[in-house]
Amino acid sequence: MNIKKLFLPLMMVALLFCGCARETGAIVSTTYFTITPGEWNTNSNVGYAYVEKPFHELDEYVIQQGAVMAFYIDGDGYDNQLPYLAPYYSDSDNDGVDELYFENIRYDLARGCITFIIQQSDLACLVPNQNLRFKVCIIANR
């Protein structure tokens, strides 16, 4: 058996166990949100739809010292990290020619609240007509 071939895998295993021995105190939590079509509000002045959801896990410590990652879960079950820019083709002026437009899905954070926002590139202020699912992960070192 060649010792050189074993050296790298053994070092990787040793480093793995060394890293696991430390306790960082990091807390990771995941929360899922399902938003129905009737929950959306619109802001026609700036052309977007939004939903504010209570999110008690989001305290001042997390905002100042932690990290938040949010994902849009598409119809195929894939997580799409926000902000997410989705391209669409539509014949909005009924001239038989599909125009490209984009839908921007993003979020804003405040203590105890998360706001999901959807905005079309043409500022049409459309409200989704189906349930949308989101996953939000918090990472905090307590």
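### Some words on the overall build of the protein chain
Helix and strand content of the protein chain: two helices and nine strands. A burial count over the protein chain gives 30% of its 142 residues as buried. Within the protein chain, counting contacts between residues at least 6 apart in sequence, those at least 24 apart form 60% of the total. Carbon and sulfur atoms make up 54% of the accessible area of the protein chain, which amounts to about 9600 Å² in all.

### Looking at a nonpolar patch on the surface
Among the surface-exposed residues, Val28, Met69 and Ile139 lie close enough to one another that they form a single nonpolar patch of about 240 Å² accessible area. Counting through the fold element by element, Met69 comes out in strand E4 (residues 67–73).

### Here's the deal with the nonpolar core
Nonpolar side chains in soluble globular proteins tend to be buried together. Core analysis: the largest hydrophobic core is formed by 22 residues, its most contacted members being Trp40, Leu82, Phe116, Phe134 and Val136. If you list the elements that add at least two residues to this core, you get strand E1 (26–35), strand E3 (48–54), E4, strand E7 (99–110), strand E8 (113–120) and strand E9 (132–141). Per element, the largest residue contribution to this core is five residues, and it comes from E9. Discounting chain neighbours no more than four positions away, the residues touching Trp40 are Ile35, Ala49, Tyr50, Val51, Phe116, Ile118, Val127, Pro128 and Leu132.

### As for the side chain of Asn80
Here Asn80 lies in strand E5 (residues 79–81). Given a relative accessible area of 13%, Asn80 falls into the buried group. A distance of 3.2 Å separates polar atoms of two side chains, one belonging to Asn80 and the other to Asp74. In terms of polar contacts, Asn80 uses its side chain to reach the backbone carbonyl oxygen of Tyr78, at 3.2 Å.

Definitions and cut-offs
- Residues numbered from 1 in each chain as written.
- Predicted model: local features only at pLDDT ≥ 70, side-chain atom pairs only at ≥ 80, totals over all residues.
- Heavy atoms only, no water.
- Helix = DSSP H or I, 4+ residues; strand = E, 2+ residues; numbered from the N terminus.
- Buried < 20%, exposed > 50% of the residue type's maximum accessible area, 1.4 Å probe, protein only.
- Contact = heavy atoms within 4.5 Å.
- Areas by Shrake-Rupley, 256 points an atom, 1.4 Å probe, with all protein chains shown as cover.
- Patch = residues over 30% accessible without salt bridge, like charges linked within 9 Å, V, L, I, M, F, W, Y side chains within 5 Å.
- Salt bridge = Lys/Arg side-chain N within 4 Å of Asp/Glu carboxyl O.
- Core = buried A, V, L, I, M, F, W, Y, C linked by side-chain atoms within 4.5 Å.
- Polar contact = N/O pair within 3.5 Å; in protein donor to acceptor, adjacent residues only side chain to side chain.

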